[in-house]
Amino acid sequence: GAVVSQHPSWVICKSGTSVKIECRSLDFQATTMFWYRQFPKQSLMLMATSNEGSKATYEQGVEKDKFLINHASLTLSTLTVTSAHPEDSSFYICSARVGGELYNSPLHFGNGTRLTVT
Amino acid sequence: KNQVEQSPQSLIILEGKNCTLQCNYTVSPFSNLRWYKQDTGRGPVSLTIMTFSENTKSNGRYTATLDADTKQSSLHITASQLSDSASYICVVSKSGGGADGLTFGKGTHLIIQP
C-alpha cells in the first residue's frame, strides 16, 4: 500500500538553531502534502498545505517565515523550523492523499517527528 | 463551527473484552468520516472510511457505524488485544472543503490491560 516516510523520527536541537524535517511519498506521487502539529493528548492541527512547484498555503496563526515549507518534487516536501525555541517542541506529522484532490481518497500519514528544543 | 467530539476521552478495558468509541460531529456539508488508529509516537493509520450512504464498515475486529442523520459514528472493537492500545481518532471531511478539508477529533485513548 501507499507509504509516507518521514525523517527524522526524533530530533533534539538547541534554541536558535534550525531543523529540517522531510516527508516522502514512497510509491506514489503527491502534488499536495499536509503538515500538522500535535501536542500531547490533543488532535492534529493543520499547519500548512504544501503544493508541488508553488508556495505553501499556511493556516491562520502559523508563521510562514518560521515554518518554511518546500515541495520541490512530486515525492518530497520539507518543513524547516527556523530559529527554534522551546515552545516549538512538538510532534510534527505530514500526510499525503493518494488520488490527488479526490476527498474520498485515502490520506496517508508519516510516522511523525518528535522535535525537542532545549 | 465545524467540530468533532469524541467520547470517552480515555478508556481502560481488559484484554478480550469489547468496547465502543463514539464520535459526534457538526461538520457540514459532510463528505466522509474516517477512523484512524494512532500508536504512541507514531502517525495515524487508517482503519475505515465511510461516506454518506454507508451505515456500517468492518476492518477485521474493527466495525464502524455511521448515522448521517444524527451525525454520529461509533467504532466497535471486538475481542480486544494488547496491541489495540492506542489513540483512536475520528476525522470528518467537509465536502469541497479547502486545504485538507478535515476536522480532527481529539481522540479516545484506549488502554488494554492483560
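Our subject is the structure listed above.
Let me begin by describing the structure that accompanies this report. (Residues numbered from 1 in each chain as written. Chains lettered and ligands numbered in written order. Predicted model: local features only at pLDDT ≥ 70, side-chain atom pairs only at ≥ 80, totals over all residues. Heavy atoms only, no water.)

For chain A, the helix and strand inventory stands at 0 helices and 11 strands. When the helices and strands of chain A are listed from N to C terminus, the series reads β-β-β-β-β-β-β-β-β-β-β. Computed over its C-alpha atoms, the radius of gyration of chain A comes to 13 Å, within 12% of the 13 Å expected for a compact globule of 118 residues. Projected onto its principal axes, the C-alpha coordinates of chain A cover approximately 40 × 30 × 25 Å. Within chain A, the proportion of its 118 residues that are buried is 50%. The averaged location of the 9 negative side-chain charges in chain A is 6 Å from the averaged location of its 10 positive side-chain charges. (Helix = DSSP H or I, 4+ residues; strand = E, 2+ residues; numbered from the N terminus. Rg over C-alpha atoms; globule rule 2.2 N^0.38 Å. Buried < 20%, exposed > 50% of the residue type's maximum accessible area, 1.4 Å probe, protein only. Lys, Arg positive; Asp, Glu negative; His and termini not counted. Charge placed at Lys NZ, Arg CZ, Asp CG, Glu CD.)

Moving on, we come to the pairing of strand 3 (residues 19–25) of chain B. Residues and elements named next belong to chain B. Side chains C19, L21, C23 and Y25 of strand 3 all project onto a buried face; the interleaved residues T20, Q22 and N24 project onto a face where none is buried. Across 4 bridges, strand 1 (residues 4–7) lies against strand 3 in antiparallel orientation. Counterpart to Q6 in the pairing with strand 3 is C23. In terms of strand pairing, strand 3 meets strand 8 (residues 72–77) through 6 bridges, oriented antiparallel. Each residue of the ladder has a partner; that of Q22, found in strand 8, is S74. (Pairing = 2+ DSSP bridges.)

What follows covers the environment of A:Y36. Relative to the assigned elements, A:Y36 resides in strand 4 (residues 32–38). As a C-alpha pair, A:Y36 and A:A48 span 12 residues in sequence and 7.3 Å in three-dimensional space.

The interface is formed by 21 residues belonging to chain B together with 22 residues belonging to chain A. Both faces considered, chain B and chain A share a buried interface measuring about 1,700 Å² in area, 51% of it formed by carbon and sulfur atoms. Remark: the boundary between chain B and chain A carries 0 salt bridges. Seen at the junction of chain B and chain A, the total is 3 residue pairs in polar contact (both at pLDDT 80 or more). Every element with two or more residues in the side of chain B that touches chain A is listed here: strand 4 (30–38), strand 5 (45–51), strand 9 (86–94) and strand 10 (102–104) of chain B. Of all the elements, strand 4 of chain B adds the most residues to the side of chain B that touches chain A, at 5 residues. Taken together, the residues of the side of chain B that touches chain A break down into 7 nonpolar, 10 polar and 4 charged. (Contact = heavy atoms within 4.5 Å. Buried area = accessible area lost by both parts, 1.4 Å probe. Salt bridge = Lys/Arg side-chain N within 4 Å of Asp/Glu carboxyl O. Polar contact = N/O pair within 3.5 Å; in protein donor to acceptor, adjacent residues only side chain to side chain. Nonpolar A, V, L, I, M, F, W, Y, C, P; charged D, E, K, R; others polar.)

Moving on to unusual backbone geometry. The linkage connecting B:S7 with the following residue, B:P8, adopts the cis geometry, with an omega of -10°. Locating B:P8 in the fold gives a position in the loop between strand 1 and strand 2 (10–14). The omega torsion of the bond from B:S28 to B:P29 falls at -5°, within 30 degrees of zero and hence cis. Locating B:P29 in the fold gives a position in the loop between strand 3 and strand 4. For A:K41, which is not glycine, the phi torsion reads 60° and is therefore positive. Tracing the sequence through the fold places A:K41 in the loop between strand 4 and strand 5 (45–51). The backbone of B:A79 sits at a positive phi, close to 50°, despite the residue not being glycine.

Moving on: the sheet that holds strand 3 (residues 19–25) of chain A. Pairing between the strands of a sheet comes from backbone hydrogen bonds, and it takes one of two forms, parallel or antiparallel. Residue and element names in this part refer to chain A. The sheet built from 4 strands is open, its strands ordered 1-3-8-7 with antiparallel pairing. Since the sheet does not close on itself, it has two edges, and those belong to strand 1 (4–7) and strand 7 (67–73), each with one partner. Recorded for the sheet is a direction-independent mean angle of 15° between the axes of neighbouring strands. For strand 7 and strand 8 (residues 76–81), the ladder comprises 5 bridges, and the chain directions are antiparallel. Paired with S73 across the strands is L76, a residue of strand 8. (Axes fitted to C-alpha atoms, helices over the stretch in contact; angles between N-to-C directions.)

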